[in-house]
Amino acid sequence: MVPVLAVHVALAAGFFKVGEKAPSFTLTAITGEILGLDTYAGKVIVLGLFHICDPCMVQGSALQKVSEITKRKNVAVLGVNSSGNSKSSVGEFLSAFPVEVTYPYLLDPNKVTDKLYGGGKFIPNVDVIDQQGMIRWQRVGSMDLAGEEAIEEEVEKLLAAGSKKM
């Protein structure tokens, strides 16, 4: 069992982009707004890349909790359906969540973010991006490592570091 896990970890390692500039993109939200990373320049961004699957629902629900906790802070939470699903399919998926998703949820019909952020089979994928647009934290495929407490801790570190620079 361990060798199989080691192979998956080795494969996933090539997708980690911590310390790199977050690749920019612009997409349409399920609500019709045109949004992208540049929309939230200067904020800490929590970016979740999802497909339509149960682990993604769990992770997307955790991001809703992060969104609620950080609502009055310099933070933006974004979800992206990075697998190219239709607006109606994504809408049905979101309506099945145990919580109402109020953060922007973007549609990516051409799977641009999947390519930019190394998604694909390593989903869900959560990145925390600092105020300068650098990826500072990333977790791929495991909600145990990317629960709302872990994400909030990383966000708070970046907010504290950002306030010291001002």
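Everything discussed here concerns the structure shown above.
Residues numbered from 1 in each chain as written. Predicted model: local features only at pLDDT ≥ 70, side-chain atom pairs only at ≥ 80, totals over all residues. Heavy atoms only, no water.

### Considering the overall build of the protein chain
Within the protein chain, the regular secondary structure consists of 5 helices and 7 strands. Listed by position from the N terminus, the elements making up the protein chain come as α-β-β-β-α-β-α-β-α-β-β-α. Contacts in the protein chain between residues at least 24 apart in sequence constitute 74% of all its contacts with a sequence separation of at least 6. Carbon and sulfur atoms provide 58% of the accessible area of the protein chain, an area that totals close to 8,400 Å². (Helix = DSSP H or I, 4+ residues; strand = E, 2+ residues; numbered from the N terminus. Contact = heavy atoms within 4.5 Å. Areas by Shrake-Rupley, 256 points an atom, 1.4 Å probe, with all protein chains shown as cover.)

### Examining the pairing of strand β3 (residues 44-50)
Taking burial as the measure, the 7 residues of β3 include 7 buried ones, the bulk of the element. Burial along β3 is two-sided: Val44, Val46, Gly48 and Phe50 facing one way and Ile45, Leu47 and Leu49 facing the other are all buried. When β3 meets strand β4 (residues 75-81), the two strands line up parallel, connected through 7 bridges. When the bridges of β4 are listed, Phe50 appears paired with Asn81. Across 5 bridges, β3 lies against strand β6 (residues 125-129) in antiparallel orientation. In the sheet register, Leu47 faces β6, and the bridge partner there is Asp127. (Buried < 20%, exposed > 50% of the residue type's maximum accessible area, 1.4 Å probe, protein only. Pairing = 2+ DSSP bridges.)

### Overview of unusual backbone geometry
Here the phi dihedral of Lys111 falls at roughly 60°; this positive angle occurs in a residue that is not glycine. Here Lys111 is to be found in the loop between β5 (105-107) and α4 (112-116).

### Here we look at the packing of aromatic side chains
By the definition in use, this model includes 4 aromatic pairs. Where Phe93 meets Phe97, the ring centres are 5.0 Å apart and the plane angle is 85°; that geometry is what we call edge-to-face. When its relative accessible area of 6% is taken as the criterion, Phe93 is described as buried. Pairwise contacts between aromatic rings join Phe50, Tyr103 and Tyr105 into one cluster. (Phe/Tyr/Trp six-rings, centres within 6.5 Å; stacked < 30°, edge-to-face > 60°.)

### Re the sheet that holds β5
Pairing is mixed across the open sheet formed by 7 strands, whose spatial order is β2-β1-β5-β4-β3-β6-β7. Two strands close off the open sheet at either side, each with one partner strand: β2 (34-36) and β7 (135-140). Averaged over neighbouring strand pairs, the angle between their axes works out to 30° when direction is ignored. Examined bridge by bridge, β4 and β5 share 3 bridges and lie parallel to one another. Among the inter-strand pairings, Gly79 is bridged to a residue of β5, identified as Tyr105. The strands that helix α2 (residues 54-69) touches are β3, β4 and β6; relative to β3, the one it contacts most, it runs at about 160°. (Axes fitted to C-alpha atoms, helices over the stretch in contact; angles between N-to-C directions.)

### A few points about α2
Here α2 spans 23 Å end to end across 16 residues, near enough to the 22 Å set by a 1.5 Å rise per residue. For α2, every residue scored as buried is listed here: Cys56, Met57, Gln59, Gly60, Ser61, Ala62, Leu63, Gln64, Val66 and Ser67. (Expected span 1.5 Å × (residues − 1).)

### With respect to the side chain of Asp114
With respect to the helices and strands, the residue Asp114 is situated in helix α4. Although Asp114 is buried, it forms no salt bridge, and the closest oppositely charged side chain is Lys111 at an N-O distance of 6.1 Å. Among the polar contacts listed, one links the side chain of Asp114 to the side chain of Ser82, at a separation of 3.3 Å. (Lys, Arg positive; Asp, Glu negative; His and termini not counted. Salt bridge = Lys/Arg side-chain N within 4 Å of Asp/Glu carboxyl O. Polar contact = N/O pair within 3.5 Å; in protein donor to acceptor, adjacent residues only side chain to side chain.)

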